[in-house]
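Structural overview for review
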Amino acid sequence: MKRSKHGKIYRQSLSNRLVHWGAAFSIFSLIISGFGQMPMYKRYNIVKLPGAEWLGDYSITLLMHYVGAVILIFIVFYHMFVHLFQKEYDAIPKRGDVKESWKIIKAIITKGEEPPSEKYLAEQRLAYLAIGVTVLILVITGIIKVIKNISIAFIPHSIVTISTTLHNFATFFLIFLIIAHLAAFLIKANRKLLPGMITGYVDEEYVKHRHIKWYKKLVDKKNRS
Amino acid sequence: MSNRLTRREFIKNSSGAVVLGTVLLTGADKVFAQTKPSTDKGTVIDLTQCDGCSAKDTPACVLACRTKNQDKFPKVDSDHLKPYWPQKTYEDWSDKQDISNRLTPYNWTFVDKVVVEHNGSTKEVFVPKRCMHCDNPTCAGVCPFSAIKKYENGAVVINDNQCMGGAKCRDVCPWDIPQRQAGVGLYMKLAPEYLGGGVMYKCDFCADLLKVGKEPACVNACPKGAISFGTKQSMRELAYNRAKEVAGFVYGDKENGGTSTFYVSKVPFEKIDKAIKKQKQETNDFKPGRPTMEVNIENKLDSFSGMALSAAIAPIAGIAAAGFAAYNKLKGEKNNHEEE
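Values in this document were obtained by computation on a predicted structure and should not be read as measured data. (Residues numbered from 1 in each chain as written. Chains lettered and ligands numbered in written order. Predicted model: local features only at pLDDT ≥ 70, side-chain atom pairs only at ≥ 80, totals over all residues. Heavy atoms only, no water.)

**With respect to the pattern of salt bridges**
Residue and element names in this part refer to chain A. In plain terms, the rule: For this analysis, a salt bridge means a side-chain nitrogen from Lys or Arg found within 4 Å of a carboxyl oxygen belonging to Asp or Glu. The helix and strand labels rest on DSSP assignments: H or I over at least four residues marks a helix, E over at least two residues marks a strand, and numbering proceeds from the N terminus. A simple rule labels every residue: compare its accessible area, found with a 1.4 Å probe on the protein chains alone, to the largest value its type can have, and call it buried under 20%, exposed over 50%, or partly exposed in between.
If you walk through the whole model with that rule in mind, you get 28 salt bridges over all chains. Here D97 makes a salt bridge to R125, at a shortest N to O gap of 2.8 Å. Linking D97 in helix α3 (residues 97-110) with R125 in helix α4 (residues 122-148), this pair joins segments that are 28 residues apart in sequence. This pair shows no difference in class: D97 is buried, exactly as R125 is.

This is the structure we're talking about:
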């Protein structure tokens, strides 16, 4: 299916958007229900807030955590394999990304010129790797924690302890990464990317100026076909 | 190099990935889900024998447990006790260490006494209570710090160096067994006012004695021989044989999905449970530490087995959906190309 809109560039497919928002909602539900497992809602009187009584019920928050986990695991595997099958590796960090992301940050601060970017900025690729690895750690340790709760299964306690500790630390790290991800939109230059994750399209002018390498590829592809 | 994907490459890539995924997933269960060792130990508590050591101030099993475990009891500096912010209270039993008629951090077993009507007569029933050492302990399953371990010999043990005292284990235990003491443990080294609540304490099946082939302290101490100890299988058989002999009932085999403790009683456990609940109501005693005996109480972790299966299927479903989506895209691109 061909998608074109005057003055706009199609940046995020429906599949990508569903993955992004599905992951966002499931991770949000996992954080809410995960904190319920700590346990903290009763201790800090959160259950006394109107409509929040259910947060103190482990059987509800645990069920919510399992449902969120099943959705997230499905999305993570779908995401990894759909890009593997299609040989799409735009978001994978490249050599020199750390240096390049520093150049972009410096350009934003000094209002100078940014280096030409691909579909994703160098810091976006690094952020993707950080979030991806953290989510994978959470998924793997979470699966070990699930197996541990099955009566016929036996997992050595040392593995369970390592998984639990990693799961707890990775949760806090993921929350930090999500805050950083959202904070990126405090920078005006990045806000032009927002519609991409909602409608799929971003302004052509924006792409032309910031994602020069990607734009060139799109123009070349158009000329070829 | 072109990034364009041919149909042949796509099939090669996807079949390899599916095979790899399947191998990883099926292999993982072999690594992690080894067969559970059958070295479990168990006990039988024969209520037809126990008289609660009526002639003594403290039942012998309770005394033996307290003596044996006194070094493990919490040592609290009361000057450092602070409420669990923003709550105004904290759980402190350090000034009530002598209490022996309920479970506390300083009393890991007690003998409950109830009066029940059965077969037209009134009977006094004495019920020694402590951790049941479940087969799939809910407390260990849900502990957010993995501070509770189920040993191969069946003992369920709380690691007091790892416990933060959130008391979740007590909330999910069908018998509210673990009891909390504030002012001790890991949380005191972090932010004691704002995080954690102490350490949870309970019977550890005398895990150290079991390790060297000895019996738990309460077993030896009982003057009536009401507590038996052996392999779990032999204890289960003993319990059912004894129940048959006295035309009685067994508690602990089915409850919470199975435990290492088998009670035998002539009086149905429904009646014992009802009597405990009635007494708790009459004395307005709803604090944890005096467990009820609900028959066939289910293990909440078991109800999540279906969800665990969904979690196992999710990766395969994700890979299949990815294959379907990628194939459709490839087909779409090919059709467009042919049209052009």
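Alright, that's what it looks like, and here's the rest.
**Structural notes on the side chain of H167 of chain A**
All names here are of chain A. Threshold: Identification of polar contacts relies on pairs of N or O atoms within 3.5 Å, with a donor-acceptor requirement for protein atoms, meaning one able to donate a hydrogen and the other able to accept it, and with residues adjacent in sequence counted only if both atoms are side-chain atoms. Residue contacts are defined here by distance: any two heavy atoms, one from each residue, within 4.5 Å place the two residues in contact.
Tracing the backbone shows H167 in helix α5 (residues 157-183). A distance of 2.9 Å separates polar atoms of two side chains, one belonging to H167 and the other to T141. The residues contacting H167, other than those within four sequence positions of it, are H65, L138, T141, G142 and K145.

**With respect to the sheet that holds strand β10 (residues 261-265) of chain B**
Residue and element names in this part refer to chain B. As a reminder, the rule being used: In short, DSSP must find at least two bridges between two strands for them to pair. With axes taken as lines fitted to C-alpha atoms, and helix axes fitted only over the stretch in contact, angles between N-to-C directions fall between 0 and 180 degrees.
Read from one edge of the open sheet, 4 strands run β8-β1-β10-β9, paired in mixed fashion. In the strand order of this sheet, the two ends are held by β8 (227-231) and β9 (249-251), each with one partner. Each strand axis lies, on average, 25° off the axis of its neighbour in the sheet, ignoring direction. In this sheet, β8 lies alongside strand β1 (residues 41-46) in antiparallel orientation, the contact comprising 5 bridges. Within β8, the position partnered with T43 by the bridge is F229. Packing of helix α7 (residues 232-245) onto the sheet brings it into contact with β1, β8, β9 and β10, and relative to β8 it is tilted by some 135°.

**Topic: the packing of helix α1 (residues 14-36) of chain A against α5 of chain A**
Residue and element names in this part refer to chain A. Defined as follows: Orientation labels follow simple angle bins: below 35 degrees gives roughly parallel, above 145 gives roughly antiparallel, 65 to 115 gives roughly perpendicular, and whatever is left gives oblique. The handedness criterion is simple: a crossing whose near helix is rotated anticlockwise from the far helix by less than a right angle is left-handed, and one whose near helix is rotated clockwise is right-handed. Three residue categories are used. Nonpolar comprises Ala, Val, Leu, Ile, Met, Phe, Trp, Tyr, Cys and Pro, charged comprises Asp, Glu, Lys and Arg, and polar comprises the others, including Gly.
Two elements in contact, α1 and α5, have axes whose closest approach is 12 Å; the angle formed by their N-to-C orientations is 135°. The angle between α1 and α5 places the two elements in the oblique class. Considering the relative orientation of α1 and α5, their crossing is left-handed. Contacts from H20, I27, I31 and F35 in α1 reach F172, L174, I175, I178 and H181 in α5. Class assignment for the residues of the contact of α1 with α5 results in 7 nonpolar, 2 polar and no charged.

**A closer look at the packing of helix α2 (residues 58-85) of chain A against α4 of chain A**
Describing two packed helices takes the angle between their axes plus the distance from one axis to the other. Residue and element names in this part refer to chain A. The contact between α2 and α4 brings their axes to 11 Å, and the two run at 130°. When the axis of α2 is compared with that of α4, the two are oblique. Note that α2 runs across α4; the crossing there is left-handed. Residues Y66, L72, I73, V76, H79 and M80 of α2 form the contact with α4, whose own contacting residues are Y128, V135, L136, V139, I143 and V146. Its residues assigned to classes, the contact of α2 with α4 shows 11 nonpolar, 1 polar and no charged.

**Examining empty space enclosed by the protein**
If you roll a probe as big as a water molecule over the atoms, it shows you where there is empty space left. Under the convention used in this document: In this analysis the probe radius is 1.4 Å and the grid spacing 1 Å, with only protein atoms considered; a cavity is a set of points the probe fits into but cannot get out of, a pocket is an open set with protein on both sides within 12 Å along at least five of seven lines, and lining residues have an atom within 4 Å of a point. Grid points are joined across faces, edges and corners, and a volume is the space filled by probe spheres set on the points.
For the coordinates displayed, the defined rule picks out 6 cavities of 30 Å³ or more. Approximately 660 Å³ is the volume attributed to the largest cavity. At the level of secondary structure, the elements contributing two or more residues to the lining of the largest cavity comprise α1, α2, α4 and α5 of chain A together with α3 (138-142) of chain B. Sort the elements by how many residues they give to the lining of the largest cavity and α4 of chain A lands first, with 8 residues. Here the lining of the largest cavity is composed, by residue class, of 21 nonpolar, 9 polar and 3 charged.

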